[in-house]
Structure formats: C-alpha cells, structure tokens
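Overview (structure and organization)
The lines below spell out each chain.
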Amino acid sequence: MSTTASPFTATILGSPRIGPNRELKRAVEKYWAGRIDRAELDSVAATLRRDTWSSLVAAGLDSVPVNTFSYYDQVLDTAVLVGALPVRVAGVADDLDRYFAAARGNDEIAPLEMTKWFDTNYHYIVPEIGPGTAFELNPAKVLGEVEEAAAQGVPARPVIIGPITFLALSKAVNGGTTPIGRLDELVAVYAELLELLADKGVPWVQLDEPILVTDILPDAPELTERTYARLGALTTRPALFVATYFGELTDALPALARTPIEAIGFDLSAGDSAPVAAVPELADKLLVAGVVDGRNIWRTDLDAALGKLVGMLESAGAVAVSTSCSTLHVPYTLEAEDGIDAALRSWLAFGAEKVREVAALARGLKNGREAIAAEIAASDAAIASRTADPRLDNGQIRARISSLLASGAKRAPADERRVVQQDRLKLPALPTTTIGSYPQTSAIRVARADLRSGKIDAAEYERRMKAEIAGVIALQEQLGLDVLVHGEPERNDMVQYFAEQLDGFFATQNGWVQSYGSRCVRPPILYGDVARPNPMTVEWITFAQSLTDKPVKGMLTGPVTILAWSFVRDDQPLAQTAAQVALAIRDEMVDLQSAGIAIIQVDEPALRELLPLRSKDKEAYLRWAVEAFRLSTSGVADSTQIHTHLCYSEFGEVIGAIADLDADVTSIEAARSHMEVLADLNDVGFANSVGPGVYDIHSPRVPGVDEITTSLREALESVPAERLWVNPDCGLKTRTTPEVMASLRHMVAAAAALRSS
Ligand code: GLN
Ligand code: ZN
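Note that the coordinates shown come from a computational prediction; the quantities given were computed from them, not determined experimentally. Counting from 1, residues in each chain are numbered in the order their sequence is written. Chains and ligands are labelled sequentially in the order written, the chains with letters from A and the ligands with numbers from 1. In keeping with the predicted nature of the model, local features appear solely for residues at pLDDT of at least 70, side-chain atom pairs appear and are counted solely at 80 or more, and the whole-chain, interface and lining totals rest on all residues. Heavy atoms throughout the structure, all of them, feed into the side-chain values; hydrogens and water do not.

1. Structural notes on unusual backbone geometry
Quick reminder of the rule: In this description a helix means any DSSP run of H or I spanning at least four residues, a strand means any run of E spanning at least two, and both kinds are numbered starting from the N terminus. The classification of residues rests on relative accessible area computed with a 1.4 Å probe and restricted to protein chains. Under 20% of the type maximum is buried, over 50% is exposed, and intermediate values are partly exposed.
Phi is positive for glutamate 488, close to 60°, though the residue is something other than glycine. Checked against the element boundaries, glutamate 488 lands in the loop between helix 17 (458-479) and helix 18 (496-499). On the basis of relative accessible area, glutamate 488 is assigned to the buried category, the value being 9%. The phi dihedral of aspartate 662 falls on the positive side, at around 60°, and the residue is not glycine. On the basis of relative accessibility, which here comes to 22%, the residue aspartate 662 falls in the partly exposed class.

2. Observations regarding the nonpolar core
To keep things clear, this is the line we draw: Throughout this description, the term nonpolar core refers to a set of buried Ala, Val, Leu, Ile, Met, Phe, Trp, Tyr and Cys residues connected via side-chain atoms within 4.5 Å.
Trp117, Phe166, Leu231 and Phe266 are the most contacted members of the largest nonpolar core, which totals 105 residues. Top contributing element to this core by residue count: helix 7 (residues 183-199), with nine residues. One finds Val472, Phe686, Val694 and Leu712 within the second-largest nonpolar core, a separate group that totals 99 residues.

3. Examining helix 26 (residues 737-756)
Keep this limit in mind: In this scheme, a helix's expected span is set at 1.5 Å multiplied by one less than its residue total. Residues count as neighbours in contact if any of their non-hydrogen atoms are within 4.5 Å of one another.
With 20 residues, helix 26 should reach 28 Å at 1.5 Å per residue; the first-to-last C-alpha distance of 29 Å fits that figure. Every buried residue of helix 26 is listed here: Glu739, Val740, Met741, Ser743, Leu744, Met747, Val748, Ala750, Ala751 and Leu754. Packing partners of the buried residues in helix 26 comprise helix 17 and helix 25 (705-718).

4. Here we look at the site of ligand 1
Rules: Any residue with a non-hydrogen atom lying within 4 Å of a molecule or strand is treated as near it. We define a polar contact as two N or O atoms separated by no more than 3.5 Å, with the added condition that, inside protein, one atom must be a possible hydrogen donor and the other a possible acceptor, whereas residues neighbouring each other in sequence contribute only through side-chain atom pairs. Here the open area of atoms and residues is found with the Shrake-Rupley method and a 1.4 Å probe, where only the protein chains shown may cover a residue. Note on residue classes: Ala, Val, Leu, Ile, Met, Phe, Trp, Tyr, Cys and Pro are nonpolar, Asp, Glu, Lys and Arg are charged, and everything else, Gly too, is polar.
Surrounding ligand 1, one finds Ile435, Gly436, Ser437, Glu488, Met494, Met555, Asp603, Pro605, His645, Cys647, Cys730 and Gly731. At 2.7 Å from an oxygen atom of ligand 1 is found a side-chain nitrogen or oxygen belonging to serine 437. In this structure, glutamate 488 approaches ligand 1 through a side-chain N or O atom, which is 2.8 Å from a nitrogen atom. Out of a free accessible area of 300 Å², ligand 1 has 90% covered by protein chains. Here the residues of the shell around ligand 1 are counted per class, giving six nonpolar, four polar and two charged.

5. Topic: the UniProt feature "active site" (unreviewed entry) in the chain
The criterion, for reference: UniProt positions are given in the numbering used here, feature names are shortened, and annotations may be inferred rather than shown by experiment.
Under the UniProt annotation, the feature "active site" (unreviewed entry) is placed at His698. Mapped onto the elements of the fold, histidine 698 is located in the loop between strand 21 (689-692) and helix 25. With relative accessibility at 42%, the residue histidine 698 sits in the partly exposed group. Residue contacts for histidine 698: discarding those within four places in its chain leaves Glu669, Arg672 and Arg735.

6. Quick notes on the sheet that holds strand 21
Adjacent strands of a sheet form backbone hydrogen bonds with each other and so pair up, either parallel or antiparallel. Where we set the bar: A pair of strands is considered paired only if DSSP assigns at least 2 bridges between the two. Note on geometry: axes are lines fitted to C-alpha atoms, helical ones only across the stretch in contact, with angles between N-to-C directions running from 0 to 180 degrees.
Spatially, the five strands line up as an open sheet ordered 16-18-19-20-21, and their pairing is parallel. With one partner strand each, in any of the chains shown, strand 16 (553-557) and strand 21 form the two edges of the open sheet. Neighbour-to-neighbour, the strand axes of the sheet open up by a mean angle of 20°, direction not taken into account. As paired elements, strand 19 (residues 641-646) and strand 20 (residues 665-668) share four bridges and run parallel to each other. Residue pairing across strands places histidine 645 opposite serine 667, the latter belonging to strand 20. Contacts from helix 21 (residues 574-594) reach strand 16, strand 18 (599-603) and strand 19, with the element oriented near 170° to strand 16.

7. Thoughts on a negative patch on the surface
Which entries qualify depends on this criterion: Within this analysis, patches are made of residues with over 30% relative accessible area and no salt bridge. Like charges are joined at 9 Å or less; nonpolar side chains (Val, Leu, Ile, Met, Phe, Trp, Tyr) at 5 Å or less. Criterion for a salt bridge: a side-chain nitrogen of Lys or Arg within 4 Å of a carboxyl oxygen of Asp or Glu. His is not counted, nor are the chain ends, whereas Lys and Arg count as positive and Asp and Glu as negative. Charged side chains are reduced to one point each, which is NZ for Lys, CZ for Arg, CG for Asp and CD for Glu.
The grouping of Glu136, Glu192, Glu195 and Asp199 at the surface amounts to a negative patch. Its place among the elements puts glutamate 192 in helix 7. Among the residues examined, glutamate 192 registers a relative accessible area of 44% and is labelled partly exposed.

8. Brief notes about the pattern of salt bridges
Enumeration over the complete set of coordinates arrives at 50 salt bridges. Residue aspartate 341 is joined to arginine 391 by a salt bridge in which the shortest nitrogen-to-oxygen separation is 3.0 Å. Remark: arginine 391 occurs in the loop between helix 13 (373-388) and helix 14 (395-407) and aspartate 341 occurs in the loop between strand 11 (318-323) and helix 11 (342-347); sequence separation between them is 50 residues. Accessibility expressed as a relative area gives 33% for aspartate 341, which makes it partly exposed. Judged by its relative accessible area of 28%, arginine 391 is partly exposed. By sharing partners, the salt bridges in this structure join Asp393, Arg398, Asp529, Arg569 and Asp571 into a single network.

9. Details of the coordination of the zinc ion (ligand 2)
Geometry reference: four tetrahedral donors at a metal, ideal angle 109.5 degrees. Six octahedral donors, ideal angles 90 or 180 degrees. Operational definition: In this listing, donors mean N, O and S atoms no farther than 2.8 Å from the metal, or 3.2 Å for Na, K and Ca; water is missing from the atoms, so a site can look incomplete. Geometry is assigned from donor-metal-donor angles: four donors are tetrahedral when every angle falls between 85 and 135 degrees, four are square planar and six octahedral when opposite donors sit over 155 degrees apart with all other angles between 65 and 115, and any other arrangement is irregular.
The protein atoms that coordinate the zinc ion (ligand 2) are His645 (NE2), Cys647 (SG) and Cys730 (SG), at distances of 2.0 to 2.1 Å. Bound by four donor atoms, the zinc ion (ligand 2) shows angles of 83 to 122° at the metal and therefore irregular coordination geometry. According to the relative accessible area criterion, cysteine 730 is buried, its value standing at 17%.

10. Remarks on the pairing of strand 10 (residues 286-292)
Here is the rule we go by: By the criterion used throughout, a crossover qualifies as right-handed when its path from the first strand across the helix to the second strand runs clockwise, the strands pointing away from the viewer.
Counted residue by residue, strand 10 has seven buried out of seven residues, so it is predominantly covered. When strand 9 (residues 263-267) meets strand 10, the two strands line up parallel, connected through five bridges. Note that in strand 10 the partner of glycine 265 across the bridge is valine 288. Here strand 10 runs beside strand 11; their pairing, made up of six bridges, is parallel. Bridging from a neighbouring strand, valine 288 pairs with alanine 320 of strand 11. Once you follow strand 10 into helix 10 (residues 302-313) and on to strand 11, the crossover reads as right-handed.

11. Regarding helix 24 (residues 676-683)
For an α-helix, 3.6 residues make a turn, and residues three or four places apart therefore share a direction. Selection criterion: For this quantity, the arc is that covered by the directions from the helix axis to the C-beta atoms.
When we look at burial in helix 24, the residues that qualify are Val677, Leu678 and Leu681. Down the axis of helix 24, the buried side of the element spans an arc of 105°, and every buried residue falls inside it. Residues of helix 24 that are exposed and point more than 90 degrees away from the buried face comprise Glu676 and Asp683. Buried-residue contacts for helix 24 involve helix 23 (655-661), strand 20, strand 21 and helix 25.

12. Structural notes on the sheet that holds strand 5 (residues 156-161)
Pairing in this open sheet of seven strands is parallel, and the strands run 1-5-7-8-9-10-11 from one edge to the other. The open sheet has two edge strands, strand 1 (64-66) and strand 11, and neither has a second partner. Within the sheet, the average angular offset between the axes of one strand and its neighbour, ignoring direction, is 30°. Relative to strand 9, strand 8 (residues 239-243) runs parallel, the two sharing three bridges. Of the residues in strand 9, the one forming a bridge with alanine 243 is glycine 265. Sheet strands touched by helix 7: strand 5, strand 7 (204-208) and strand 8. Its angle to strand 5, the strand with the most contacts, is close to 175°.

13. Points about empty space enclosed by the protein
Stated formally: In this analysis a 1.4 Å probe is tested at points of a 1 Å grid over the protein atoms alone, and where it fits but cannot get out there is a cavity; an open set with protein on both sides within 12 Å along at least five of seven lines is a pocket; lining residues have an atom within 4 Å of a point. Grid points are joined across faces, edges and corners, and a volume is the space filled by probe spheres set on the points.
The full count for this structure, using the stated rule, is six cavities of 30 Å³ or more. The computed volume of the largest cavity comes to approximately 90 Å³. Along its surface, the largest cavity is lined by Ser15, Pro16, Arg17, Leu48, Arg49, Thr52, Trp53, Pro65, Thr68, Phe69, Glu145 and Tyr332. Sort the elements by how many residues they give to the lining of the largest cavity and helix 2 (residues 38-59) lands first, with four residues. Tallied by class, residues from the lining of the largest cavity come to six nonpolar, three polar and three charged. Each pocket or cavity is described by its volume, and for the second largest cavity that value is around 60 Å³. Considering each element in turn, the lining of the second largest cavity owes the most residues, three residues, to helix 1 (residues 23-32). The residue inventory of the lining of the second largest cavity, partitioned by class, reads four nonpolar, four polar and one charged.

This is the structure in structure tokens:
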C-alpha cells in the first residue's frame, strides 16, 4: 500500500440516522416549525451520532463510517461539500436554512427535485449542475464529524459520495452540458479534500461509487481509471476505499483495480465474489466484502459467508468484513420489536444485529471457524427452522397459481371490452375521476390514534371511517365527478394496509426506515407464502357504493408495488412471490365484482422502481411484472372496467410494459411534462383509455379552468375523445379540502366545457 494506514477488518458502509425512536425526524420538524432553535437541533444530532458511533465500536468494528449522518440527504450534503447548490438558494443567509431551502423550497424558492436512490425506496435530492455551477470545497460538515469522532476516540472513516456517482446522478440545468463532462474539475475539489483530511490525520476515506454497478455510464471503466489514478497519485492523502453496492462490479472492476487505491468494496449479496479471482491487481488490495445484506432484513448464513470470505483471501492482499451497503435501508434493531413469533424473529437481522454478524465473521476470519462456532450454530439453526416452516410452503396456493398460469385465461381484446363496459357504465365523453385518496383529515388521524391507544373500539373506528367516506362521496356528488372513490381514509399506507390483512406478511411496530428527509416508512416483512384469509376492501367500497348512483371504483394496490415497498423473502425468485400476491389481489377483485362493483383500480406506482440496474436483467423483470399484474386482473369479466395508476411521467424503458398491462384505463402523471407521455404511449401502439393527470397535486396551487382546458386540448391531439379520461396527477391525500374542492371544481368545469364544444 502506498499509504501507511493499516487495513481494517470489520466495518459497515453506513448506518441509519433518523434515531432509534425517530428523534431526528421530530427535531428537524420542530426546527422547521420554529419550535426549537439551531442549537437544540444540533445537540439532538450530536447525541445521535455519538450513540451510533459508540455502539458500533462496542460491537467490535475497527473502522466506523462517519459523515453518514445527514439532516436531510447525503447527496444534498455532497452538493454542499463541493459548492454545487443552485444560485437560487444563495440568498438564504444561514447555512442550514439554505440547505433546507434547497431540499424543501420555501415561499420564494422552488426545491430541487427528488428521485429514487438506485433501486431502493430511499429518495435523494437531485443536484443541479449548470453553467453557473463553480465547484468549490466547503468541508465544514465532514471536518466537524471527523473532529467530533476523534474527540470520542472513534476509529473514524469519513464516507463521501464519489465524484463519478455524484455527477451521474445530477441533472443538467440552464442549458449546461451533461454533468459528467465536469468530472475533471470536480475531481480537483476531491483532491483538495483528501489532502485536507490527510492533514487532519484521517487514515481512511470511503468514496461511494454505486454508479459503477449500473449501465448508466457507458464509459464507466475509463472514467473510473482516470479519476482514481489521479486521486491515488496524490502524495498527501488518506488510504482510499472505493465502495460499490446494489449490484455486481463487473466491467469497471479491472479499471478500478489498476489504480493505486487501497481498498475496493463489493456487494456480495447482490453479486458474486467470483470475478475477484480473475483480476491479478487485487492481490495487494484490501477487499471489503459486503457479505451481510445491508438492505434486506434476513439473518446471514454465517457458514456460507465465512466460506466466501476465506475464498476471497486467496486473491486479495487482505479481506475486511462488511455489510453490502449502508444499513440506512433497514430498521435500527430487532430489539425494538415485540409481537414477532420466536421462529420469525430467529430468521431476522436488523441494523444492530447485522453489525454483530459483521463482527462475528471478522473474528471467524481471523481466528478460524471454531472461534465463532456458537454463532454459526445459531445461524444454522435459524436457517433450518426457516426452511422447515410450513408457512413458507402453502401447497394449495402454489397449485392454484400453476394451474392459472397454465390455463393462460385472457380477457377479450381491449376495444371489445370498451364497448361492453360503456354499455354498462354509460359514462359521458371525457369522464372525470380522481386517483383514490382524499385529504387525510385530523379526524382520521385522531381516530387511528384513538383505536391504537384503546380509547375507542373497532366498531367506533368503523363508524368514524364510514362518516369520512360518506363525506367524500357527498363532496364528489356535489362537484359532479363521474366516477367516484371512497377516499381511502382507512389506509395508513397503501401497502401496509394490505400487508396487515394477508397471511405471509408481518407488519412491524417500530421498523422505521428513512424514505426521504424527515419522512419514514415501515416496510412490512413478506416472509411466507401469501394468502388472503378474508376480503380486505369489500366492506368499505360497497358501503361507499351504497351512498350513490354513480359508480365507485374499487381501490387495490398491485403486486409489484406491494413487493417494492416491503422487505421480501430471499429464498425464492421475486417472480414467484409476486404471483402469490397477485393471486390474493385477484381474489379480492372477484369479490368486489360479485358485490356489484363495476370499476376496480389496481395501483402500480412502483412498476418502474423495481427495474433492475443492469440492462441484461430488465426484460425478464418486465415480463414477470406484467404477468403478475395480469394474473391479478384477469379473473374478472370483460364488463368490469380495470384501471391502473402510475406515478411518474418519464416512462422510458417501461413504456412497452405499461401497454402490456392492458388495463382498460391508465391514469398517469403528465401535468409537469405537458402531456408528452401520450405521444410515447402512441409510439408503442397503446390504444386503451388513458387519464393523463391534468394538474399537479404535489403543489398547493389551484389550477384555473383555462389552464386545465389547455392541457386537455393538448391531450386530445394525441388521444381521441372516446379514450380520454380527466383526472389529477395522483392521490389527494397530501392536500387540504379547500384546495381539493377548488381544483376539482375547475377540472369538472373544463371537462364540461370541452364536451359541449
Ligand atoms: N390510490 C392511491 C392514492 O390515491 C395511489 C397513490 C400513489 O399513486 N402512490 O393515494
Ligand atoms: Zn400516484
């Protein structure tokens, strides 16, 4: 090695930061509301960092990731670090308020965009790079954490998003060229940072380059070699650890190995350790082996993991044990969870348990298998119990799926269905509808809290929810909408609601993970074969239908979205699990149909999210995703109208799959992209009905009648009137009732005006 830093043996790539009881979420939100000051917020944050670091040291890690704390997002932190915040926030005097203005916007400033972090459910802030961006080092945050950790005696390793990944995830603005073209300039700033960190005595720095496991940059190997040859050649610098995760490091590996960096991280739960043997340059590097899955919650097979580690030692200078990625994506600890049966509990490992697995494996690698015989025995016992558990193998469900898939039952062609459905529904041209949810009122939140605390019983809760539904139906009648919804008041979350009612799922009490900023979610655990013991939505929907003569849409979440927003079993292909969820949804649809419901919507907002990172895997994914949707929706008659809803406007690689879903009506986000998506749908031959969102629900702004009319006229250029629906972009859950009333009134008026013109 070119630096004097000695290799570490046990680490994780990053950790959760919201606090074991969401302390950071609460503090940040209080700060936003002006209820606490900066000093109090900083002190909550410092306590969380100290507790995190000391627990990692106590568990036996000899290198601890720092600078993984964030008030909002690590990509935004990196934008601040390299001086890449947009000019429009520059006027905000206080640095923290400027940071939050970039993340969330304020009355004058539009926020930066947010998008999914690779194929996870974490959302990052998309940096904007334009001609006005002048990179400049602003190391206060990372230096602050380094000093804090040093004062606490923590063997700290600052973690920073690497320059290639940072630019690849940024977007060009103000006529700027593609951000990656600025790589050399940005690398100069990183060089400055590395020199500074070396001066502070920092032995190791981790640079995260997950982009290298994707096909996003065709010239990744060349960019990698250029960047890391240059940073590696610095005479004053810490040892460099380039971490990759979320997939297998393939084409960029030889390039990276040729550079003088000291360590490379591999995600061995997503990939294989095999390519390592084929790269001779790895013989003097530290390989950081991510054998403990950082983003799913299953306990590690310690015996198999140790085998992999020992194998890797043959082709490496040294091997350190690690998680595959940051444990940001899993809950803090299993200990915060009661109510899990002993068997299921024994199969799981959350953040803290994963750290213990890493430490045990490092001991095993150093001192031999016998040194961790007890841990291996416990892991073996857990695996044996999981394999043998009858809940993982429901013969009846499996047989039904096989026979349904074999029978290949299909609905009639779409244009035939349209005729039968119109005969039954008699909808006007340009029918108006909404996407499902109505504002989550405080009455709803109070009812949910009262039920949880035992203040009210189930009957009273049901009474209150029905009152909400009645209110939403009355509102829609008053507005003159054509197809109504029940408003989804009974759903805390569109996936958890179903997970709580299906066999094979466990819904945690405290398993929070950060979704974005201060927002946290509790993904359910899908551990076994999925079955539907009882109807899940029929009572609410039929109640809503009983209040009106207009059709009320049944409202379900599709199989792909249920998988995308859960922790999913890893013992069988996702396609098989998706088919089981699909069967449950299919049965629910048949029950809704039998109860007289004529229109059923199956939401698939996550269809694009699960798209694999590597091109070679995409086709197979899209095939099973479409198959699962069709399995859920093909059990109902041609006269039952199937809707689906998708939450994004750039379909890109999934556009063909959307057509293949073959829903009778597809509602999609389109307002912000000016209906461009309709032309894309035409290009793939899509000829079913479509409801391009005519206004953006993400903002409190109320659109005018003229504006909506213009949108609809634009849409009519691509879609004939008999196939065009009129609806907002997405559900109305986050809006207020007055905003919703005004916007929908304008929407209905615009549709009416066009119909009579
Ligand atoms: N039916 C859901 C709603 O209206 C759809 C939400 C979504 O697209 N994410 O809230
Ligand atoms: Zn949506």
